[in-house]
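Architecture at a glance
So you can see what is in the structure, the chains are spelled out below.
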Amino acid sequence: MGLSRIFRRERLDNYLKSDQHFAKTMSAKDLMSLGIGAVIGTGIFILPGTIAAQYSGPGIVLSFLIAAIVCSTAAMCYAEFASVLPVAGSAYSYGNLVFGEIIGWVLGWALILEYVLAVAAVANAFGAYFKSFLAGFHLNIPTAISGPFDPGNGTYGNLVAILVVFFISWLLNRGMRESMRINNAIVIVKIAIIILFVVVGMFYVKPSNWQPFAPFGSKGILRGASTVFFAYLGFDVVSASAAEVKNPKKNMPIGIIGTLIVATVLYMLVAIVLTGMVHYTKLNVADPVAFALTLVHQNWTSGIISLGALAGMFTMMVTMIYSSSRLIYSVGRDGLLPKFLGKIDEKTGTPKHSLAVITVVIALLGGFVPLAQLTNLVNIGTLVAFLFVSFGIIRLRHLKDLPQNSGFKVPFYPVLPIISGLLCFYMMLQLPAETWIASSIWFALGLIIYFSYGLRHSRLNDQV
């Protein structure tokens, strides 16, 4: 087998045939709920304060806007792909269809890294946050079951992290219609809590706190933008649901771009109010929003913010576990991982096997492994996918065996996709050296699995 084999492209009709067993129940509203659930997490209660204190001052508002504009270039590329290729698997499947199997595998391997580590890290944080939340009611979780495996410090596993992952998996296994109802309700609660902070905080804004607006100059604002850029990552998981969406040509672009717009507005509102309530020099704390409310003697609102943080983490895990199960299903569907992972349960219309496997992996990582040093790997996995999806639009437009897109199209083609790809590459260069070393080991492991198993079991072999 030569280069021509590993760069052989999958056929769209094969994907559409495999994915037709999914129940198409999701609307544009559901997609936006998924996206907002992934993008708006605990970061909205932390980043506006800490980044303002360290880099941007009140100009953090512009930092969020610039980061959103950068992210929107990749979002539009995803929107076009999802509109013309309504298949499960997101960037993994797009890579297979436009670049070839080896590129698809690398993108899938990058996304597995992103999804699994992101959920495990959040599950770990959820357990810690839930423990402190209960402590406010004088309820205590035993130390032995409240942290990762670390006998030296008396912790042997994070029971809450494990239980919440299994609960979400059980929820998703019942079918997307019920799961979306619960997810949508929690997303509404989360947005309501954010709006509550904005409304209450407005009454304590002092315009003098916005002076100076850019204490670190334009460099500080740009540095802040490069840091908060990662706050927007997560909208790409919307594209993983394309096979389960009603009228994907119309609804997928609305879900992806709508998510980014809502997230940008919420981040900017929180940033404006927060820096108006408290001078930016005082906001370099672990919980700046709760800190600001405590300073103005709004302790009851501070407690509600804690509930909003838990809701944010919960919806993020719902979205990521859902997306990762569809990704593992897609790789199993193609034979690059064991084919039982690519089976869909006819009763519920969900990939039960892939959901079960990914649940166990995430629960083990979130419950027993300290993940503080691994979270940067989430960013590089995402940016690799963004990079190929951006440049992939150019190749997509030139492939005659794929349908001509009559839905959403990236504007200013081909300039905008090229700018998007270059911006993603620039953001990758900003990541620390240890992240590159760890990710190189991960991708090397992925290539070993591909050449030792995936290449020999791929269903593309049946088409040679």
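Residues numbered from 1 in each chain as written. Predicted model: local features only at pLDDT ≥ 70, side-chain atom pairs only at ≥ 80, totals over all residues. Heavy atoms only, no water.

The condition that has to hold: UniProt positions are given in the numbering used here, feature names are shortened, and annotations may be inferred rather than shown by experiment.
The name that an unreviewed UniProt entry assigns to the protein is Amino acid permease, with the source organism given as Levilactobacillus koreensis. Heading Subcellular location (unreviewed entry) of the UniProt record for the protein holds this comment: "Membrane".

A few points about the packing of helix α8 (residues 159–173) against helix α14 (residues 352–368)
Under the convention used in this document: Helix axes are fitted to C-alpha atoms over the stretch in contact, other axes to C-alpha atoms as well, and angles between N-to-C directions run from 0 to 180 degrees. The helix and strand labels rest on DSSP assignments: H or I over at least four residues marks a helix, E over at least two residues marks a strand, and numbering proceeds from the N terminus. Oblique is the label for any angle not covered by the other classes, which are roughly parallel (under 35 degrees), roughly antiparallel (over 145) and roughly perpendicular (65 to 115). Two helices crossing with the near one rotated counterclockwise from the far one by less than a right angle form a left-handed crossing, whereas a clockwise rotation gives a right-handed crossing. The contact criterion used is simple: two residues touch if any of their non-hydrogen atoms lie within 4.5 Å. In this classification, the charged set is Asp, Glu, Lys and Arg, the nonpolar set is Ala, Val, Leu, Ile, Met, Phe, Trp, Tyr, Cys and Pro, and all remaining amino acids, among them Gly, are polar.
With their axes 8 Å apart at the nearest point, α8 and α14 run at an angle of 165° to one another. By the angle class used here, α8 and α14 are roughly antiparallel. Seen along the crossing, α8 lies across α14 with a hand that is right-handed. Residues Ala161, Ile162, Val165, Phe166, Ser169, Leu172 and Asn173 of α8 lie in contact with α14, whose contacting residues are Lys352, Leu355, Thr359, Ile362, Ala363, Gly366, Gly367 and Phe368. Grouping the constituent residues of the contact of α8 with α14 by class yields nine nonpolar, five polar and one charged.

Let's talk about the pairing of strand β2 (residues 155–158)
Quick note on the threshold: At least two bridges found by DSSP between two strands are what make those strands a pair.
The pairing of strand β1 (residues 146–150) with β2 spans three bridges and is classified as antiparallel. Counterpart to Ser146 in the pairing with β2 is Asn158.

Quick word on the nonpolar core
For the record, the criterion: Definition used in this section: a nonpolar core is a set of buried Ala, Val, Leu, Ile, Met, Phe, Trp, Tyr and Cys residues joined via side-chain atoms within 4.5 Å. Whether a residue is buried, partly exposed or exposed follows from its accessible area with a 1.4 Å probe, protein chains only, as a fraction of its type maximum: under 20%, in between, or over 50%, in that order.
Counting 145 residues, the largest nonpolar core has Tyr78, Leu85, Phe197, Tyr232 and Phe235 as its most contacted members. When residues in this core are grouped by element, the largest group, 18 residues, is from helix α7 (residues 101–135). With residues near it in sequence (within four places) discarded, Leu85 still touches Leu12, Tyr94, Leu97, Leu396 and Leu402. Counting five residues, the second largest nonpolar core, distinct from the first, contains Phe22, Ala243, Tyr329 and Ile344.

Digging into the packing of helix α4 (residues 47–56) against helix α11 (residues 248–277)
Close contact between α4 and α11 brings their axes to 9 Å; oriented N to C, the two are set at 60°. Relative to α11, the element α4 lies oblique. Here the hand of the crossing between α4 and α11 comes out right-handed. On α11, the residues that touch Pro48, Gly49 and Ala52 of α4 are Val270, Ala271, Leu274 and Thr275. Split into classes, the residues belonging to the contact of α4 with α11 amount to five nonpolar, two polar and no charged.

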